[in-house]
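Single-letter residue listing:
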Amino acid sequence: MKTTLCLAFLCLFCTCVRAQNTLSGRVLDEQGAAVAFANVALYTSADSQLVKVEITGDDGSFRLQNLAASTYDLVVTFLGAPDLRHDHLQLDRSTDLGTLQLAPAAVDLVGAIVTATRALVEVKPDRTIFNVQGTINAAGNDALALLRMAPGVTLDNNDNISVLSRAGVIIYVDGRRLPLTGTDLTNYLRNLIAEQIDRIDIISSPGAKYEAEGNAGIIDIRLKKAENEGTNGTLAASGSQGRYAVYSLNASGNYRNRRLNLFGNLGYTANDSYTKSIFTSRQNQFLLFDRQYSQPQLRTPAARVGLDLYLGKRSTLGTLYSGQFQSSVRDVQNKTVIHSDSFGSTIPEDPPPCSQADSILIGGVDGRGDHTQNTFNLNYNYAIAAGHNLNVDLDYGRFRNDDVLDQPNRYETPDGRLLRTADAYFDTPIDIDIYTGRLDYDFPLGPGAASAGAKYTRVKTDNTFLAYDGLSPVRDFRADRSNQFTYDETVYAAYLTYAGSFGERLSYSAGLRLEATRADSRLLELENNAVTTPIDSSYLSLFPNAGLTYQLDENHTLSLRYGRRINRPDYNVLNPFRVQLNELSYEAGNPTLGPEIVNNLQLGYTIAGRYNFQLAYSRTEAAIARLFSPDRINPAAGFATYDNLNQRTVYSLSASAPVELTPWWSVYFSGAASYVSNQANFPEEFGRPAPVVDVKQFNYSGLLQNTFTLPWDLTAELTGRYISAGISEGIFEYDALGYVNVGLQRSFLAGQLNVKLSGNDLFRNFVINGGSNFDGLLFRGSILRDSRRVALSVSYNFGNQKVSSRRRDTGLDEPAGRVR
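Residues numbered from 1 in each chain as written. Predicted model: local features only at pLDDT ≥ 70, side-chain atom pairs only at ≥ 80, totals over all residues. Heavy atoms only, no water.

Novice: How do you make sense of the pattern of salt bridges when you look at a structure like this?
Specialist: Pairs may arise between side chains of opposite charge once their charged atoms sit close together. Tallying each qualifying case throughout the model produces 28 salt bridges. The salt bridge involving Asp433 is made with Arg400; its shortest N-O contact spans 3.2 Å. With Asp433 in strand E28 (residues 430-445) and Arg400 in strand E24 (residues 388-407), this residue pair connects regions lying 33 residues apart in the sequence. The class of Arg400 is buried, set by a relative accessible area of 16%. (Salt bridge = Lys/Arg side-chain N within 4 Å of Asp/Glu carboxyl O. Helix = DSSP H or I, 4+ residues; strand = E, 2+ residues; numbered from the N terminus. Buried < 20%, exposed > 50% of the residue type's maximum accessible area, 1.4 Å probe, protein only.)

Novice: What is the right way to look at the environment of Arg764 in this model?
Specialist: Note on placement: Arg764 falls in the loop between strand E49 (753-760) and strand E50 (767-774). Residue Arg764 is classed as partly exposed on the basis of its relative accessible area of 27%. Apart from the residues within four sequence positions on either side, Arg764 is in contact with Tyr274, Leu784 and Arg788. (Contact = heavy atoms within 4.5 Å.)

Novice: Looking at this structure, I do not really get a positive patch on the surface. What am I missing?
Specialist: On the surface, a cluster of positive charge is contributed by Arg243, Lys276, Arg291 and Lys335. Locating Arg243 in the fold gives a position in the loop between strand E17 (230-241) and strand E18 (245-256). (Patch = residues over 30% accessible without salt bridge, like charges linked within 9 Å, V, L, I, M, F, W, Y side chains within 5 Å. Areas by Shrake-Rupley, 256 points an atom, 1.4 Å probe, with all protein chains shown as cover. Lys, Arg positive; Asp, Glu negative; His and termini not counted. Charge placed at Lys NZ, Arg CZ, Asp CG, Glu CD.)

Novice: How do you make sense of empty space enclosed by the protein when you look at a structure like this?
Specialist: Where empty space is left in the structure can be found by rolling a water-sized probe over the atoms. Here the structure, examined in full by the defined rule, presents seven cavities of 30 Å³ or more. By volume, the largest cavity is sized at about 600 Å³. Lining the largest cavity are 35 residues, and of these Asp142, Ala145, Asp786, Ser787 and Arg789 sit closest to its centre. A total of four residues in the lining of the largest cavity trace back to one element, the largest contributor, which is helix H2 (residues 143-149). Considering only residue class, the lining of the largest cavity consists of 13 nonpolar, 13 polar and nine charged. (1 Å grid on protein atoms, 1.4 Å probe; cavity = no way out; pocket = protein on both sides within 12 Å on 5 of 7 lines; lining within 4 Å. Points joined across faces, edges and corners; volume = space filled by probe spheres on them. Nonpolar A, V, L, I, M, F, W, Y, C, P; charged D, E, K, R; others polar.)

Novice: Just checking my understanding: could you explain a nonpolar patch on the surface for this structure?
Specialist: There is a patch of nonpolar side chains on the surface, built from Leu548, Tyr550, Leu552, Leu558, Leu560, Leu601, Leu603, Leu615 and Leu653 and spanning about 720 Å² of accessible area. Mapped by element, the contributors of at least two residues to the nonpolar patch are strand E34 (536-553), strand E35 (556-567) and strand E38 (596-607). Looking at which element gives the most residues to the nonpolar patch, the answer is E34, with three residues. Inspection of the secondary structure assignment puts Leu653 in strand E42 (residues 647-662). For Leu653, a relative accessible area of 47% translates into the label partly exposed.

Novice: Help me out: how do you make sense of the sheet that holds strand E7 (residues 95-101) in this one?
Specialist: Strands pair in a sheet through their backbones, by hydrogen bonds, and they do so in one of two ways: parallel or antiparallel. With respect to topology, three strands assemble into an open sheet ordered E4-E1-E7, the strand pairing being mixed. Each of the sheet's edge strands pairs with one partner strand only, and the pair in question is strand E4 (61-67) and E7. In this sheet, neighbouring strand axes are inclined to one another by 15 degrees on average, regardless of whether the strands run parallel or antiparallel. Here strand E1 (residues 21-28) runs beside E7; their pairing, made up of five bridges, is parallel. Note on E7: the bridge partner recorded for Val27 is Leu100. (Pairing = 2+ DSSP bridges. Axes fitted to C-alpha atoms, helices over the stretch in contact; angles between N-to-C directions.)

Novice: I would appreciate a short explanation of the nonpolar core in the present structure.
Specialist: General note: in soluble globular proteins, nonpolar side chains tend to be found buried as a group. Counting 64 residues, the largest nonpolar core has Val153, Ile161, Leu189, Ile197, Ile200, Ile219 and Ile221 as its most contacted members. Top element by residues in this core is H2. It accounts for five residues. If near-sequence neighbours (up to four positions away) are discounted, Ile161 is found in contact with Leu147, Val153, Thr154, Leu155, Arg166, Ala167, Gly168, Val169, Ile171, Leu189 and Ile219. Core analysis: the second largest hydrophobic core is formed by 20 residues, Phe62, Leu67, Ala68 and Leu100 among them. (Core = buried A, V, L, I, M, F, W, Y, C linked by side-chain atoms within 4.5 Å.)

Novice: Would you mind going over the layout of surface pockets with me for this structure?
Specialist: When its volume is computed, the second largest pocket comes out at roughly 1100 Å³. Taken together, 38 residues form the lining of the second largest pocket, with Tyr586, Ala588, Gly589, Arg632 and Phe639 sitting closest to its centre. Ranked by residues supplied to the lining of the second largest pocket, first place goes to strand E41 (residues 638-644) with four residues. Its residues assigned to classes, the lining of the second largest pocket comprises 19 nonpolar, seven polar and twelve charged.

Novice: Sorry, what's going on with the sheet that holds strand E40 (residues 624-630) here?
Specialist: The strand order across the open sheet built from four strands is E36-E37-E41-E40, with neighbouring strands paired in mixed fashion. Every other strand in the sheet has two partners, leaving strand E36 (578-582) and E40 as the edge strands with one partner each. When strand polarity is set aside, the average angle formed by the axes of neighbouring strands in this sheet is 25 degrees. Pairing of strand E37 (residues 585-588) with E41 involves three bridges; the strand directions are parallel. Within the sheet, the bridge partner assigned to Ser585 lies in E41 and is Gly638.

Structure follows, in C-alpha cells:
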C-alpha cells in the first residue's frame, strides 16, 4: 500500500506549467499623487487563493510577473484608505491597468491609529466567517460561548458541536487540528477567551487540501496575530460574573523587522461555573428522579511563542510552541430517588413524595485533574516563483491527562436510615502523542492554478483505568473492573486540487484526496492479564470534491459544491472503560465502532456580495450516535454508549443579510432551517426486543444583531437568538431555547484603549429541556448552566503602528507555519 501511495503522490507532482503574463499599473491617491508602499495582492477568482503580492514603488507603480492565464481578483490596500478592488480580471496576455485611484480616507490619520470595522459575519464561497472582534457581546466570553453565537452552529446538552444540523465537526486552531474530544475539548474551549480570538471560520464543505476527517466540516479558530513592524503589544483583562466568576489576564506582543518576527502570548484564566440538571427516567419497572449540581473549577496558565526567520525574499523558516497547563477541581452532588414503577408507560409531570420511594441514592464526585498540552511546530515556506509555493510542516503534540476522583454512593430509606454504601475511587491517566508531517505545493497549471500535497499523521493513545472500592486514602484495588486500552491510528494522505475558469463568469474547482488508514487497539484486562485486539483494520478511501461558481451578473452569484468526508471514532468513544457519575449512571465506549461516511451537497446564492442563501443536503452512512440504554445487569441503572446508525439524512436552508436601516442603526440577520432523519435497526440482545431508532425533526433558528452608533463615541449592541426544537447526538430531542444579549463599547486614547461591557442571556432562556426514548429507557429533564452573566473587558494596544508589507489574510487554509 505504501508503494501505491508513493506512486500516486509522485504523479500529483509530475506536471508543472509556467506562464509569462504580466499585470502592471500605477496607484494614485484622491488628489492624483503617487501612493508608495501600498499593498497590491492578486487572488484567483475561483477560490480566492493568493497568487502574488507586491508593494508599489515611489512612483506608485507595481508589476506582477510570471502569471498564468486565468481570472483574477486584484486588491489594493493602503493605510487609511478603503480597499480598491478589481474583480474577475481575465488575464490571457500581459496587461497594463493604467491608473488606479484610491478613494479618500475617512479620517485624519495624523497621530491616529486606524482600525477597520468588520462585519459580524462574512460569507465566502467555501466558508462562513464569524468575526469575534465584530461584536461587543463577545467580551468576557470563552470560545465555547462564542460558538453558540456563531451562525449555523449549535451545541447540545453535552457541548457537542454541530454545523447545519450535522454532527462530526473537527476543531482547528490556527489551521492545525486540535486532537481533543469530549470533556477535554470542552475544557480547552472554556479557557480560550474572546480577547485572544480574531475570528472563527466555519467551513462546512472543505476542499481536498484539508484532511477528510469531520462529517460536518471544520471550525477553524483563528487567534489574534500582531502584524506590525517594530515592537507591538496588547494587554487585556476581562471578567464576567454569573453565580460564579470567570476572569482572565492576557499579554501578547511581537517584534518584527525585515529579517525576523518574534511573537508570543501569555495568559491565565480562572473559570468557575455550575450546571444544574433535573431528569426523570423510567426503565425495567423502575421510576427514577435524579437531581444533580456540578461545580467545576478550572485554573489555566497558557503560553505561546514563535519565531519566523525571513531567509530571503522568497523563503521563511518558522517555529512555534504552544502550551497549556490546566488544573481542575470538580464537585458534583447527586440525589436519585428510586420508585417501583407503578405510574404507567409515561413519565409523571410531578414526582411522587419521597416518602413513597423504595430507596434514595445520595452520590457525588470529588474530582481532581491535571491536564498538560504541549505542541511544537517547525515549518518552512519557499515562494519558488510567481504562483509557485512550497510549504513543509512538522508537528508534534504531547497531551497528558491525570484525573482521580472519589465517588461516594450511599443508599438510604426515605426516613434517612442507611441501607448500604458502594463507595468507589478511580484513577484514569491518559497519554496522547501525535506526530504530523505535511507537504504542500501550489503551482500554475494550464489556464488555472493547482495544489498538490501529502500528509502523514499518527495518533497514539494510552488509557489506563484503575478502579477501587472505598474512598481515598483507604481503598481496595478492583482488578476485575480495571484495564488498559491503547489505540494507534496512522493515516497516509495525498491530494490534488485544481481551480480555473471558463470565461469571465464561470469558475470551477475540483480536488481528490486519498487517505490510507491503519488502526489497531489493545485491551488488557488486569484481572487475568487477558489481551484482546478489538480493533485491527486497514482501509483505503477516496474523497472527491468539486465546486462551480457562476456570476449571473455584477450582483448575483450562484455556487454549487460537493464533498465526501469521513468521521473516524476517537479514543473517547472507543474506550470501553466504565466512567461513573454514580452507581446508577455511567458511560462506556464501544471498541467495535466503525467510521461514518458522509456525502455533502451545497447550493449557494449571493446578492451584491451581502445577502447570502444556501441550500444543503447530506447523507451519512453508519452515522455515529450516542445512545442511552438500561444496564444489562442492574435493572435500575442506565448508561450512555455509542453505536453506528444505518443512516442520517439532513436537508437544510440558511440565509444571512446585513441591513443598514439608518446611519446610526444597522442590523445583521442570519437564519437556518433543517430537517433531520436518523434511522437504525439493531439486533435483538439478551432476549430483549430489537431496539429501533426512528427520529425525525424539523428545526429552525435565527440570529438578529442590532448595532447602534451613539453619541460620545459609544457603540451599543442588542442581540437575540432563537433555536426551535431539534435533535442532538442521534436520539436526544430538545425543546426550543434562546438568549438575549446586550453590549456597550467605547475607545479611548485614539483607539489604543478599548472597553467593552456586556450582559448575556438576560432572561435566562438558554435552558436545555429534552429527552429520549430508546431500548426501554425513557427519560426527560432539563439542564441549566451559568449563562446569565455580566462581563467587562479592557484591552490596551501599544507600539509601532507602521503596517508591514505582508500576505493579506484570505481566510483560506494558510500554511501552518505562516503564523505571525
